[in-house]
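# A look at the structure
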Amino acid sequence: MNYKFTLIPGDGIGPEITKSAIRVIEGAGIKVDWEITEAGLCAFDKYKDPLPQDTIDSVAKNKIALKGPLTTPVGKSFRSVNVALRKEFDLYVNKRPAKTYQGIKTLYFDHIDIMMFRENTEEFYSGIEHYIDSSRTAAETIGIVTKRGCERIVRYAFEYSRKNNRKKVTAVHKANIMKYTGGIFLKVAQDIAAEYHEIEFNDKIVDNMAMQMVMNPYQFDVIVTTNLFGDILSDLASGLVGGLGMAPGANIGSDIGIYEAVHGSAPDIAGKNLANPAAIILASVMMLEDVGELKASQRIEKAVAVVLAEGKKVTKDINPVNYVSTDEMTDAILEKLDTK
Ligand code: NAI
């Protein structure tokens, strides 16, 4: 079967790492007709629009997109295109696995395998903020949390757990202080958990959660939380398994998925063939799983794991002394693909 997916190469290292992902997907025997589109700083420089309508139309039509990182200027110019894409397509699920791979140095732990689900559209990422005095010395950000928004992310986390034989879901909140927004989320999580008798459920207040994740991450299996806490805790989880270079992410709505590496556009190494392609390749693994190409996705993940474990053909961020280029690491992954 031939797929048609949208490709957004993006900014900085985006074109280099998405090229790697495309080669590996093809190497695993999946035929994709990629519709190449633009977004981010490169689109803004060219069209004065960081999210051109053609890109939106392409994602709407093809339903699946692989996206390189997009540069967001800090404190000025356009707002995050990543957030705009999530809003445009109502991509309410942010799925972020944190998994250790042999060969990747971690500070404390091995054998971590946590799946985090972050609500992706509500709360403090609604973009509703303003100064509250004329001299701009005070500002307010409004975070809206709805029962419907909580229900769909919590439900998604439980359904994922049931399908993937996960044993426990932890809901993370701050309902002791944010009694209304946090309260709605916690009540929804408790109610939905009661429908899934085979899955253990508990909840944690976010500050305690951060400490517990560092002290004993093995107590967590699947985590579900609201937008801001998920943003922070998923990076913490990435830190436990060796950093953002290894972290893939998926933004999923009712019928559209955008898959990406969690790291940014890394302007310091862009164009130098130094970037680690593992995160975007692991994002492709999630993409292939979601379209039902399980064999290909498993083959790719295994090939990445073998290359990392051997540690001979890895990029500089993994082995600063003895390293290869992005393209060479990609070649090594291709060589390890078991296509039988
Ligand atoms: P960054 O993730 O781009 O870079 C942080 C550090 O990690 C840099 O030293 C970089 O060289 C290194 N790094 C990142 N990815 C790497 C890879 N694949 N291989 C090897 N080293 C890697 O974060 P930073 O510098 O804060 O952000 C740069 C730009 O990216 C900003 O404009 C930011 O808004 C944007 N960004 C975009 C994201 C997205 O599109 N999903 C996510 C995060 C940041």
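Residues numbered from 1 in each chain as written. Predicted model: local features only at pLDDT ≥ 70, side-chain atom pairs only at ≥ 80, totals over all residues. Heavy atoms only, no water.

Partitioning the chain into domains gives domain 1 (1–91 + 247–340) and domain 2 (107–240). Distance from the C-alpha centre of domain 1 to the C-alpha centre of domain 2: 25 Å. Across the boundary between the two partners, domain 1 contributes 10 residues, which contact 12 residues of domain 2. Surface buried jointly by domain 1 and domain 2 totals about 830 Å² across both partners, of which 40% is contributed by carbon and sulfur atoms. In this structure, D90 engages R152 in a salt bridge whose closest nitrogen and oxygen atoms are separated by 2.7 Å. Our enumeration of links across domain 1 and domain 2 arrives at three residue pairs in polar contact (both at pLDDT 80 or more). Elements that contribute at least two residues to the side of domain 1 that touches domain 2 include exactly α4 (81–88) and β11 (248–252). Tallied by class, residues from the side of domain 1 that touches domain 2 come to five nonpolar, one polar and four charged. (Domains from an automatic or database assignment. Contact = heavy atoms within 4.5 Å. Buried area = accessible area lost by both parts, 1.4 Å probe. Salt bridge = Lys/Arg side-chain N within 4 Å of Asp/Glu carboxyl O. Polar contact = N/O pair within 3.5 Å; in protein donor to acceptor, adjacent residues only side chain to side chain. Helix = DSSP H or I, 4+ residues; strand = E, 2+ residues; numbered from the N terminus. Nonpolar A, V, L, I, M, F, W, Y, C, P; charged D, E, K, R; others polar.)

Now for the site of the ligand. The local shell around the ligand holds 19 residues, among which L70, G264, A266, D268 and N276 are the closest. T72 places a main-chain nitrogen or oxygen 2.9 Å from an oxygen atom of the ligand. Between the ligand and H263, the relevant distance is 3.1 Å, taken from a nitrogen atom to a side-chain nitrogen or oxygen of the residue. In isolation the ligand has 810 Å² of accessible area, and contact with the protein removes 65% of it. Its residues placed into classes, the shell around the ligand shows eight nonpolar, seven polar and four charged. (Near = heavy atom within 4 Å. Areas by Shrake-Rupley, 256 points an atom, 1.4 Å probe, with all protein chains shown as cover.)

Read from one edge to the other, the open sheet built from 10 strands follows the order β2-β1-β3-β12-β11-β4-β5-β10-β8-β9, with strand pairing classed as mixed. Each edge of the open sheet is held by one strand with a lone partner, namely β2 (31–36) and β9 (200–205). Across the sheet, the axes of successive neighbouring strands diverge by a mean angle of 25°, strand direction being ignored. As paired elements, strand β4 (residues 93–99) and β11 share three bridges and run antiparallel to each other. Directly across from N94, in β11, lies its bridge partner N251. (Pairing = 2+ DSSP bridges. Axes fitted to C-alpha atoms, helices over the stretch in contact; angles between N-to-C directions.)

Centre distance and the angle of the planes are the two values used to describe a pair of aromatic rings. For the structure on display, the rule yields seven aromatic pairs. For the pair Y92 and Y156, a centre-to-centre distance of 6.4 Å together with 90° between the ring planes defines the contact as edge-to-face. On the criterion of sequence distance, the pair formed by Y92 in the loop between α4 and β4 and Y156 in helix α5 (residues 147–163) is long-range, its members being 64 residues apart. By relative accessible area, Y92 is classed as buried at 13%. Judged by its relative accessible area of 22%, Y156 is partly exposed. The rings of Y92, F117, Y156 and Y160 are connected pair by pair, giving a single aromatic cluster. Against the face of F44 rests K48, its NZ or CZ located 5.4 Å from the ring centre. One cation-aromatic arrangement involves R118 over Y125; the distance from NZ or CZ to the ring centre is 5.1 Å. (Phe/Tyr/Trp six-rings, centres within 6.5 Å; stacked < 30°, edge-to-face > 60°. Buried < 20%, exposed > 50% of the residue type's maximum accessible area, 1.4 Å probe, protein only. Lys NZ or Arg CZ within 6 Å of the ring centre and 35° of its normal.)

Here we come to the side chain of N94. Relative to the assigned elements, N94 resides in strand β4. In terms of polar contacts, N94 uses its side chain to reach the side chain of N251, at 2.8 Å.

So, on to helix α8 (residues 227–240). The end-to-end C-alpha distance of α8 is 20 Å, a good match for the 20 Å that 14 residues give at a rise of 1.5 Å each. The complete set of buried residues in α8 reads N227, F229, G230, L233, S234, A237, S238 and L240. Buried residues of α8 fall within an arc of 165° about the axis and therefore sit on the same side. At its buried positions, α8 is contacted by β4, β5 (113–119), β6 (123–131), β8 (168–173), α7 (206–215) and β10 (222–225). (Expected span 1.5 Å × (residues − 1). Arc of directions from axis to C-beta.)

The subject of this paragraph is a nonpolar patch on the surface. A cluster of nonpolar side chains, namely L107, Y108 and V214, defines an oily patch on the protein surface of about 360 Å² accessible area. Mapped onto the secondary structure, Y108 falls in the loop between β4 and β5. (Patch = residues over 30% accessible without salt bridge, like charges linked within 9 Å, V, L, I, M, F, W, Y side chains within 5 Å.)

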